[in-house]
Amino acid sequence: MTEPTSRRPVYLDCDTGIDDALAIAYLLASPEIELVGIGTVSGNVSAAQAADNTLRILALAGRGDIPVAVGSHDALARAFDGGAEHVHGGNGIGGVELPDTDLTPIAESAPEFLIRLAEEHAGRLEVITIGPVTNIALALRLDQSLPGRVAAVTAMGGAAFASGNVTPVAEANIWNDPEAAAVMLSAPWPLTLVPLDVTVENTFEEEHLAGLLAAEKPLARAVGAMLGYYFDFYVDLYGRRASALHDPLAAAIAVGAILPTNAPLVDVVVDATAGPARGQTICDLRGQRLGPVDQPGAHIRVVLGTDRPLDAHLLERLLA
Ligand code: RIB
Ligand code: CA
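What this report covers is the structure whose coordinates are included nearby. Everything quoted here is computed from the prediction, not taken from an experiment.

## Some thoughts on the overall build of the chain
Then, in step 1: Across its full length, the chain carries twelve helices and 14 strands.
Then, in step 2: Principal axes of the C-alpha set define a box for the chain whose edges measure 50 × 50 × 40 Å.
Then, in step 3: Burial status across the chain gives 57% buried among its 320 residues.
Then, in step 4: Contacts in the chain between residues at least 24 apart in sequence constitute 82% of all its contacts with a sequence separation of at least 6.
Then, in step 5: Taken as a whole, the chain presents about 12,400 Å² of accessible surface, with 54% of it coming from carbon and sulfur.
Then, in step 6: If the 19 positive side-chain charges of the chain are averaged to one point and the 40 negative ones to another, these points end up 5 Å apart.

Here is the structure:
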């Protein structure tokens, strides 16, 4: 039985890659919330590898008390494709070898764990997803009443006006399991979608990397070492060594430290066909020409702008 916490309880679902690692480190340093559990899913790496990465990160941070559950290896409709080694490295964290740990995942699957946490935290649990959402869809299939016990969902994924990053229209977390994304987006819970439109505009630069590598905290130095690999990948996108901050931005918006400024409630559907638009998030932004306008009956908040850049705030928390 998880002891109830006075801080906002958060369940994180991730495919611990490099920006996932940044988001985990950020959440561990965020006083607004209590990270009560982590589930892993295949995406950047396999769910099992993501769990190993996550446990090593937690051990490095002295937070072996946070349970980690391994989730789905395969997507709902397709087998795991081996991950994104060219982006996150073969082990998912830029080839960085974190210290061994005797921490192990719990016996429950991530979907089962999520359902239990929602029950134990009696409607206060907040969910942050920063990978494909297979576990979320499986949890909803196991317990259709789950949305009634979840206070809020924040999901990094999709693209509204922005191009995709796996195909011209599909963002990786949606592309890897569009069927699951369709299930999550259609569930009756308040959901904030943090798409590439805002995450690609928030970067870490060489000075941030230098700050992390010079940090006293071992975890800050470790995520700095991971970022070096990520920077090399992003040269083709930014024309310089830098990195997008996809998952940390979703985490910072979820905790309330970064505020959405242009974030209308609109209908969002996912293309789960086998055609060229597979994985596209089709956001109904037809009424947005004069500014953010909520669509009647819509329950998905699509973040298209934020109150400030993430970089300085993120670095400050990672170094704290
Ligand atoms: O498209 C970016 C997302 O895909 C991030 O969550 C990254 O970690 C990968 O999972
Ligand atoms: Ca991720």
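Next comes the rest of the account.
## Remarks on the layout of surface pockets
Then, in step 1: Reported here for the largest pocket is a volume of approximately 640 Å³.
Then, in step 2: Looking at the lining of the largest pocket, the element that brings in the most residues is helix 10 (residues 218-238), giving five residues.
Then, in step 3: Here the lining of the largest pocket is built from residues that sort into 14 nonpolar, eleven polar and nine charged.

## Side note on the site of ligand 1
Then, in step 1: Not every one of the 13 residues close to ligand 1 is listed here, only the nearest: Asp19, Asn165, Glu171, Asn173 and Asp247.
Then, in step 2: Measuring from an oxygen atom of ligand 1, one finds a side-chain N or O atom of Asp20 at 3.0 Å.
Then, in step 3: Separating an oxygen atom of ligand 1 from a side-chain N or O atom of Asn165 is a distance of 2.8 Å.
Then, in step 4: In the complex, 96% of the free accessible area of ligand 1, which totals 270 Å², lies under the protein chains.
Then, in step 5: Here ligand 1 occupies the largest pocket.
Then, in step 6: At the level of elements, helix 1 (18-28), helix 6 (172-175) and helix 11 (246-255) are the ones that each hand at least two residues to the shell around ligand 1.
Then, in step 7: Classifying every residue of the shell around ligand 1 gives three nonpolar, five polar and five charged.

## Considering the coordination of the calcium ion (ligand 2)
Then, in step 1: For the calcium ion (ligand 2), the protein coordination sphere consists of Asp15 (OD), Asp20 (OD), Asp20 (OD), Ile130 (O) and Asp247 (OD), at 2.2 to 2.6 Å.
Then, in step 2: Sequence positions of the donors to the calcium ion (ligand 2) reduce to the motif D-x4-D-x109-I-x116-D. One end of the pair, Ile130, is in the loop between strand 4 (125-129) and helix 5 (134-142); the other, Asp247, is in helix 11, with 117 residues separating them in the sequence.

## Here's the deal with the pairing of strand 2 (residues 33-40)
Successive residues of a regular strand alternate their side chains across the two faces of the sheet.
Then, in step 1: Counting buried residues along strand 2, eight of its eight residues qualify, which places the element largely inside the surrounding structure.
Then, in step 2: Examined bridge by bridge, strand 1 (residues 8-14) and strand 2 share seven bridges and lie parallel to one another. By the bridge assignment for strand 2, Leu12 is matched with Ile38.
Then, in step 3: Crossover handedness for the path strand 1 to helix 1 to strand 2: right-handed.
Then, in step 4: Pairing of strand 2 with strand 3 (residues 68-70), which is carried by three bridges, proceeds in the parallel orientation. Bridge pairing in strand 3 places Ile38 opposite Val68.

## Considering the packing of helix 9 (residues 206-213) against helix 10
Then, in step 1: Running from N to C, helix 9 and helix 10 point in directions that differ by 145°, and their axes come no closer than 7 Å. Our pair here, helix 9 against helix 10, has a crossing hand that is left-handed. The residues of helix 10 that touch helix 9, namely those facing Glu206, Leu209, Leu212 and Leu213, are Ala220, Arg221, Val223, Gly224, Ala225, Leu227, Gly228 and Phe231.

## Description of the packing of aromatic side chains
Then, in step 1: Scanning all chains against the criterion turns up four aromatic pairs.
Then, in step 2: Aromatic pair Tyr230 and Tyr234: ring centres 5.0 Å apart, planes at 85°, arrangement edge-to-face. On the criterion of helical spacing, the pair formed by Tyr230 and Tyr234 is a turn pair, its members being four residues apart in helix 10.
Then, in step 3: For Tyr230, a relative accessible area of 1% puts it in the buried group.
Then, in step 4: With a relative accessible area of 6%, Tyr234 lands in the buried category.

## Side note on the side chain of Asp15
Then, in step 1: Take Asp15: it is sitting in the loop between strand 1 and helix 1.
Then, in step 2: Within the structure, Asp15 has its side chain in polar contact with the backbone nitrogen of Asn44 (distance 2.8 Å).
Then, in step 3: Contacts of Asp15, omitting those with residues within four sequence positions, involve Asp20, Val41, Ser42, Gly43, Asn44, Val45, Ala50, Ile130, Gly131, Pro132 and Asn173.

## Structural notes on the pattern of salt bridges
Then, in step 1: By the definition in use, this model includes 15 salt bridges.
Then, in step 2: Close ionic contact of Asp52 with Arg56 constitutes a salt bridge, the shortest N to O distance being 2.8 Å. In this pair, Asp52 and Arg56 both sit in helix 2 (residues 47-60), four residues apart, roughly one turn of the helix.
Then, in step 3: The exposure class of Asp52 is partly exposed, given its relative accessible area of 30%.
Then, in step 4: The residue Asp232 makes a salt bridge to Arg241 at a minimum N-O spacing of 2.4 Å.
Then, in step 5: Of the residues examined, Asp232 reaches a relative accessible area of 48% and is grouped as partly exposed.

What counts, and where the lines are drawn
- Residues numbered from 1 in each chain as written.
- Chains lettered and ligands numbered in written order.
- Predicted model: local features only at pLDDT ≥ 70, side-chain atom pairs only at ≥ 80, totals over all residues.
- Heavy atoms only, no water.
- Helix = DSSP H or I, 4+ residues; strand = E, 2+ residues; numbered from the N terminus.
- Buried < 20%, exposed > 50% of the residue type's maximum accessible area, 1.4 Å probe, protein only.
- Contact = heavy atoms within 4.5 Å.
- Areas by Shrake-Rupley, 256 points an atom, 1.4 Å probe, with all protein chains shown as cover.
- Lys, Arg positive; Asp, Glu negative; His and termini not counted.
- Charge placed at Lys NZ, Arg CZ, Asp CG, Glu CD.
- 1 Å grid on protein atoms, 1.4 Å probe; cavity = no way out; pocket = protein on both sides within 12 Å on 5 of 7 lines; lining within 4 Å.
- Points joined across faces, edges and corners; volume = space filled by probe spheres on them.
- Nonpolar A, V, L, I, M, F, W, Y, C, P; charged D, E, K, R; others polar.
- Near = heavy atom within 4 Å.
- Polar contact = N/O pair within 3.5 Å; in protein donor to acceptor, adjacent residues only side chain to side chain.
- Sits in = over half its atoms within 2 Å of the grid points.
- Donors = N, O, S within 2.8 Å, 3.2 Å for Na, K, Ca; no water.
- Pairing = 2+ DSSP bridges.
- Right-handed = clockwise from strand over helix to strand, strands pointing away.
- Axes fitted to C-alpha atoms, helices over the stretch in contact; angles between N-to-C directions.
- Left-handed = near helix turned anticlockwise from the far one by under 90°.
- Phe/Tyr/Trp six-rings, centres within 6.5 Å; stacked < 30°, edge-to-face > 60°.
- Salt bridge = Lys/Arg side-chain N within 4 Å of Asp/Glu carboxyl O.

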